[in-house]
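Tertiary structure, described
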Amino acid sequence: MKKIITVLFLVSFCITNAQQAFKGKGDAKINIGANIQDGGSGIQASADFGLGENFSYGFVAAYLLGVDEFSGINGENIKPEFQDRFDAKFRVNANLSSVIGVDQLDIYPGLSLGLRNFGGHLGGRYFFSEGFGVFTELGFPIAKYSDDKEAFDHLNNQVTFSIGASFNLD
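As a starting point, this report considers the structure included with it. As the structure is a computational prediction, the values presented were derived from the model and not from experiment.

Below, the discussion takes up the overall build of the protein. Counting its regular elements, the protein contains three helices and 10 strands. Secondary structure of the protein in N-to-C order comes out as α-β-β-β-β-β-α-β-α-β-β-β-β. Relative to its full complement of 170 residues, the protein shows a buried share of 39%. For the protein, the share of sequence-separated contacts (at least 6 apart) that also reach a separation of at least 24 residues comes to 56%. Counting only carbon and sulfur atoms, one obtains 66% of the accessible surface of the protein, whose full area is about 9500 Å².

This is the structure we're talking about:
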């Protein structure tokens, strides 16, 4: 019973002390978290900067740490090199916290232009305090730059799921 009361107290404290997730022009956020996808998992870091009440731009980079081995043409197992594991993108977001009316929660659909593809994403951030929150994001390719069937071409051309911490910089 004590644990339930403690959890309820913490949840109510976090909800009542939550801060605004997106403030508009001049806003700056950094997200750092885990990147989970088919064939590997890694880290993702992104930065978003507010341009207006509901619009931001930013950058995202991902690096796959754990990647499945691939059986090559000769039957030998090969692992991807750095350039196969890394991806970077420029992105734009439509920040919807003021539209949905929940200041602590920012839902942000957007588009990204990266080293491997043109894609989209749907994410969400929730801030517990002025400087700290959590985020989750789902990314997907819309158009790939190459139709080559290289061994590791699929690593940065698929649906990805990210979850982690979000920090307010302003």
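So, next bit.
Note: strands within a sheet are paired through backbone hydrogen bonds, in either parallel or antiparallel orientation. The antiparallel closed barrel is built from eight strands, whose spatial order is 1-2-3-6-7-8-9-10. Neighbour-to-neighbour, the strand axes of the sheet open up by a mean angle of 25 degrees, direction not taken into account. Taken together, the eight bridges between strand 1 (residues 28–37) and strand 10 (residues 160–168) define a ladder with antiparallel strand orientation. If you follow Asn 35 over to strand 10, its bridge partner there is Ser 162.

A few words now on the side chain of Asp 48. Among the secondary structure elements, Asp 48 is positioned in strand 2 (residues 40–52). With a relative accessible area of 3%, Asp 48 lands in the buried category. Here the side chain of Asp 48 touches Arg 91 through a polar contact of 2.8 Å, side chain to side chain. Of note is the side chain of Asp 48, whose polar atom sits 3.1 Å from the side chain of Asn 93. Leaving out residues up to four positions away in the same chain, Asp 48 has contacts with Asp 27, Ala 28, Lys 29, Asn 31, Ser 56, Tyr 57, Gly 58, Arg 91, Asn 93 and Arg 125.

About the thresholds
Residues numbered from 1 in each chain as written. Predicted model: local features only at pLDDT ≥ 70, side-chain atom pairs only at ≥ 80, totals over all residues. Heavy atoms only, no water. Helix = DSSP H or I, 4+ residues; strand = E, 2+ residues; numbered from the N terminus. Buried < 20%, exposed > 50% of the residue type's maximum accessible area, 1.4 Å probe, protein only. Contact = heavy atoms within 4.5 Å. Areas by Shrake-Rupley, 256 points an atom, 1.4 Å probe, with all protein chains shown as cover. Pairing = 2+ DSSP bridges. Axes fitted to C-alpha atoms, helices over the stretch in contact; angles between N-to-C directions. Polar contact = N/O pair within 3.5 Å; in protein donor to acceptor, adjacent residues only side chain to side chain.

Interpretation in functional terms is not warranted from these geometric data alone.
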